[in-house]
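# Structural description and commentary
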Amino acid sequence: MLEKRATGAIDALRRVIFLVCASLCLHGTPSSAEDALEFDVGGLMFGDLYHLPSHHTPEGDNATGAVLRRIFLTTDVRYGHDWTGRLRFEAFHEGAFENYELSHRIQDLGVGKKLAGHQVSGGLIPTISFDLIEAFWGKRYLMRTAPDMQGIAARDLGISAKGKLNQSGKWSYRAMYGSSETWEADKNPHDKFMGAMTWRPTPDVLFDAYVDHEARPGNFDRSTYQLFAAQQTEPYSLGLLYTYQDQQEDPTLELAALMGVAHFSDKIDLITQVQRLFQPSIKGNDIAYIPFDPSATATNIVAGIEYQLSDHFFITPNIVYTHYGVNPQGVRPEDDLHLRLTFFFNYE
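Definitions and limits used
Residues numbered from 1 in each chain as written. Predicted model: local features only at pLDDT ≥ 70, side-chain atom pairs only at ≥ 80, totals over all residues. Heavy atoms only, no water. Pairing = 2+ DSSP bridges. Helix = DSSP H or I, 4+ residues; strand = E, 2+ residues; numbered from the N terminus. Phe/Tyr/Trp six-rings, centres within 6.5 Å; stacked < 30°, edge-to-face > 60°. Lys NZ or Arg CZ within 6 Å of the ring centre and 35° of its normal. Salt bridge = Lys/Arg side-chain N within 4 Å of Asp/Glu carboxyl O. Buried < 20%, exposed > 50% of the residue type's maximum accessible area, 1.4 Å probe, protein only. Core = buried A, V, L, I, M, F, W, Y, C linked by side-chain atoms within 4.5 Å. Contact = heavy atoms within 4.5 Å.

### Description of the pairing of strand β1 (residues 37–54)
By the bridge criterion, 15 bridges tie β1 to strand β2 (residues 64–79) in an arrangement that is antiparallel. Considered in β2, the bridge of G42 is made with T74. Bridge count between β1 and strand β16 (residues 336–346): nine bridges; the pairing is antiparallel. Pairing of Y50 across the sheet is with R340, part of β16.

Have a look at this one:
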């Protein structure tokens with residue numbers, strides 16, 4: 001079965017690449033500098049020096065160390081004004097405390113084309129589940145967004161479309177189909193349909209509504225409903241998120257998050273994100289770096305001060321604190337406290 005799925009995923013990817021190559025050939029050879037192939041190569045790297053004075057797991061309690069969490073090597077391709085492509089390799093740490101081995105995989109392998117003001121993309125690409133939220137947050141190196149942490153897929157082997165719904169651009173849409181085939185960073189072996197609509201009443205304010213449906217065997221289908229509101233100005237950014245996912249016979253996912261960045265100067269930002277889980281974490285102890293006790297509701301806070309030491313290097317002293325409610329057994333799990341010095345090299 002695994003071999004069959006792997007073969008299917010590779011075949012699906014080959015079909016996408018073949019169609020793109022065929023379209024490029026039909027488009028013709030470069031006739032001017034504007035139609036030439038252009039490549040940009042860059043990368044990211046981030047990690048932490050950390051100490052955990054308290055933690056709900058024996059492995060995390062009093063853990064201390066230094067970890068390189070992620071290394072990315074990215075190639076972006078442009079062909080003329082309309083065609084784009086991305087190939088991104090990722091080396092990643094699995095998230096175990098005081099363990100420093102790295103694994104690796106292809107994170108992105110996709111192509112895109114502009115069509116009459118719309119963007120169509122295919123391959124192994126980011127989902128539209130929280131792409132807009134993550135772009136607004138902009139601090140993934142410090143903390144992932146709440147839906148990402150709680151297991152909503154960030155990558156899928158599929159096809160997406162996005163664009164404006166009116167001439168002013170105040171209304172826009174995103175749509176995506178994620179196939180049941182999986183490959184590399186795509187870990188979702190089910191068909192998934194996703195859609196979102198965004199309203200921008202002013203250039204610095206947006207409201208976004210997102211829904212999806214994922215068909216699974218038995219009575220375990222998943223349907224997600226998500227609302228996001230944000231304001232992004234020169235002195236600060238502030239966003240509010242609510243996510244609800246019905247999983248039928250599996251436990252429900254319900255959370256809210258507040259994300260904020262205050263710009264004190266060109267070199268210093270104050271950063272915070274607060275997550276509230278109204279139901280116990282579904283992924284629980286399987287969440288890398290910041291596991292949650294799976295038996296109780298939780299409030300998670302990350303706060304830090306980011307210092308930009310150069311155009312490409314940032315350091316952020318920060319704390320991550322998780323407070324738990326009382327679980328059904330009448331026990332309140334021990335709170336988690338992470339003390340971190342996070343470093344971030346950005347060459348993209």
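Moving on from the model shown.
### Quick word on the packing of aromatic side chains
For the coordinates displayed, the defined rule picks out ten aromatic pairs. For the pair W171 and W199, a centre-to-centre distance of 5.8 Å together with 15° between the ring planes defines the contact as stacked. One end of the pair, W171, is in strand β7 (residues 171–178); the other, W199, is in strand β8 (residues 192–202), and 28 residues separate them in sequence. Taking the centre distance of 5.2 Å and the plane angle of 40° together, the rings of Y177 and F193 count as tilted. One end of the pair, Y177, is in strand β7; the other, F193, is in strand β8, and 16 residues separate them in sequence. Taken together, the ring pairs in this structure connect F46, F72, Y141, F314 and F344 into an aromatic cluster. Across from the ring centre of F72, 4.8 Å away, lies the NZ or CZ of R88, which sits over that ring. Of note, R105 hangs over the ring of F92, and the distance from its end group to the ring centre comes to 4.2 Å.

### Considering the pattern of salt bridges
Side chains that differ in charge, positive against negative, can pair when their charged atoms come close. In this structure the tally under the stated criterion is 20 salt bridges. Residues D48 and R340 are paired through a salt bridge, measuring 3.9 Å at the closest nitrogen-oxygen approach. One end of the pair, D48, is in strand β1; the other, R340, is in strand β16, with 292 residues separating them in the sequence. Ionic pairing is found between D108 and R155, a salt bridge with its closest N-O pair at 2.6 Å. Within this pair, whereas D108 is found in strand β4 (residues 102–115), its partner R155 is found in strand β6 (residues 155–164), the two being separated by 47 residues in sequence. Each member of the pair, D108 together with R155, is buried. Salt bridges sharing partners connect three or more residues here, namely D131, K162, R174 and D208.

### Here we look at the nonpolar core
Within the largest apolar cluster, 37 residues are counted, with the highest numbers of intra-cluster contacts made by M143, F228, L241, M259, I290 and F292. Put simply, the parts of the chain that give this core at least two residues each are β1, α2 (131–137), α3 (146–149), β10 (222–232), β12 (253–263), β13 (268–277), β14 (298–308) and β15 (313–324). If you tally residues by element for this core, the top one is β12, at five residues. Counting six residues, the second-largest nonpolar core is a separate cluster that includes I125, I128, M194 and A196.

### Here we look at the environment of G239
On the secondary structure map, G239 appears in strand β11 (residues 236–246). In the structure, G239 is positioned 32 residues away from F207 in sequence and 9.8 Å away in space, judged by C-alpha atoms.

### A look at the environment of L37
Relative to the helices and strands, L37 is located in strand β1. Along the chain, L37 and T84 lie 47 residues apart, while their C-alpha atoms are 9.6 Å from each other. Once residues within four sequence positions are removed from consideration, L37 is found in contact with V77, R78 and Y79.

The analysis is restricted to geometry; functional conclusions fall outside its scope.
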